[in-house]
Amino acid sequence: KSASGISADRSQPPVGSRTILEIYRRYPERWFLKETYDELVAWNRWWPKARTCCDGFLAWGTHGWNKDGTRRAQALHLAKYESGLDNSPMFDEAKMLSETCTMDQADVGLMAMYVMDCKALAEIAGILDRRGDREELLGRAKSYADKLQTMWDEKTGIYRNFRVGSRQFLDVL
C-alpha cells in the first residue's frame, strides 16, 4: 500500500462504491458517505490508470513485475488473484503484457463491475453535492459502457472476453 493507503499494485474487483451505496440506502447516514467518499473516488480513478490494457479496455494485472525481476508466471498468478476468480479456466491461455502490466485479455466482468462502480459512486457524489465528480463519473461510466457493448458476440449471443490486439474472442466463457 502507498502512504495514502491505496495499493499501487493490486486491488480487488471494483464493487466498493456499490457496497457503500447499498449500506447507505439501508441506513441513510450522510456521515458514512462522507467518511468513505475520498477513498472510493481515488480507487475508481486508479482503475483506468493502472488497468487499461489496450484501446481503453480494462484487464486484470499487477505492477512492478517487469521492473523487479518477478517472473511472468508469478505475475499472471497475482493478476488472477486480483480478479477474485483465481482458478478460472478463462485465464489458462492469458499472458502478461509488460507495457501495461495487465493480462492480454479484455475482461467483460471487470468492465461491467467498473461501470457499476462509476454509476454507484456518481449517485454518492450527487448525494454529497459533488457535481463535478458526479459528471466525471457519469462520463466515465458511459465511456466504459460503450466499450463493453463492443464485447458482445452476435454469434454466441453473449458478452465475451477477448485477446487484445486481435480482438479474438476467447473460447472459455
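Residues numbered from 1 in each chain as written. Predicted model: local features only at pLDDT ≥ 70, side-chain atom pairs only at ≥ 80, totals over all residues. Heavy atoms only, no water.

> Hey, could you run me through the packing of helix α4 (residues 108-127) against helix α5 (residues 131-149) in this one?
Working note: a packed helix pair is described by the angle between its axes plus the distance between those axes. At a minimum axis distance of 8 Å, the contact between α4 and α5 shows a crossing angle of 160°. Our classification of the angle between α4 and α5 gives roughly antiparallel. Where α4 crosses over α5, the handedness of that crossing is left-handed. Between α4, through Val108, Met111, Ala112, Tyr114, Val115, Cys118, Lys119, Leu121, Ala122, Ala125 and Gly126, and α5, the contact on the second element is made entirely by Asp133, Arg134, Leu137, Leu138, Arg140, Ala141, Tyr144, Ala145, Lys147 and Leu148. (Axes fitted to C-alpha atoms, helices over the stretch in contact; angles between N-to-C directions. Helix = DSSP H or I, 4+ residues; strand = E, 2+ residues; numbered from the N terminus. Parallel < 35°, antiparallel > 145°, perpendicular 65-115°, else oblique. Left-handed = near helix turned anticlockwise from the far one by under 90°. Contact = heavy atoms within 4.5 Å.)

> Explain the sheet that holds strand β5 (residues 105-106) to me, please; I cannot follow it from the model alone.
The strands making up a sheet associate through backbone hydrogen bonding, with each pair oriented either parallel or antiparallel. In spatial order, the strands read β5-β8-β9; together these three strands make up an open sheet with antiparallel pairing. The open sheet terminates on both sides in strands that have one partner only, identified here as β5 and β9 (168-169). One ladder, built from two bridges, connects strand β8 (residues 162-163) with β9; its direction is antiparallel. Paired with Arg163 across the bridge in β9 is Gln168. (Pairing = 2+ DSSP bridges.)

> Explain α5 to me, please; I cannot follow it from the model alone.
The α-helix winds at 3.6 residues per turn, so residues separated by three or four positions along the chain end up facing the same way. Taking 1.5 Å of rise per residue, the 19 residues of α5 would be expected to cover 27 Å, and the 27 Å separating its terminal C-alpha atoms lies within 8% of that figure. Turning to α5, its buried residues number three or more, namely Asp133, Leu137, Arg140, Ala141, Tyr144 and Leu148. Considered in projection along α5, the buried side chains sweep an arc of 105° and stay on one side of the axis. Exposed residues on α5 whose side chains face more than 90 degrees from its buried face are Arg131, Gly132, Glu135 and Lys142. Tucked inside the fold, the buried residues of α5 contact α2 (30-51), β1 (52-54), β2 (57-58), α4, β6 (152-153) and β7 (158-159). (Expected span 1.5 Å × (residues − 1). Buried < 20%, exposed > 50% of the residue type's maximum accessible area, 1.4 Å probe, protein only. Arc of directions from axis to C-beta.)

> When you look at the side chain of Arg140 in this model, what are you seeing that I'm missing?
Its place among the elements puts Arg140 in helix α5. Arg140 sits in the buried class, given a relative accessible area of 15%.

> Is there a simple way to explain the packing of helix α1 (residues 16-26) against α4 in this structure?
Relative orientation of the contacting elements α1 and α4 amounts to 45°, with a least axis distance of 7 Å. On the basis of their axis angle, the class for α1 and α4 is oblique. Once α1 is placed against α4, the crossing between them reads as left-handed. Across the interface between the two elements, Gly16, Ser17, Arg18, Ile20, Leu21, Tyr24 and Arg25 of α1 pack against Met116, Asp117, Ala120, Leu121, Glu123, Ile124 and Ile127 of α4. Grouping the amino acids of the contact of α1 with α4 by side-chain chemistry returns eight nonpolar, two polar and four charged. (Nonpolar A, V, L, I, M, F, W, Y, C, P; charged D, E, K, R; others polar.)

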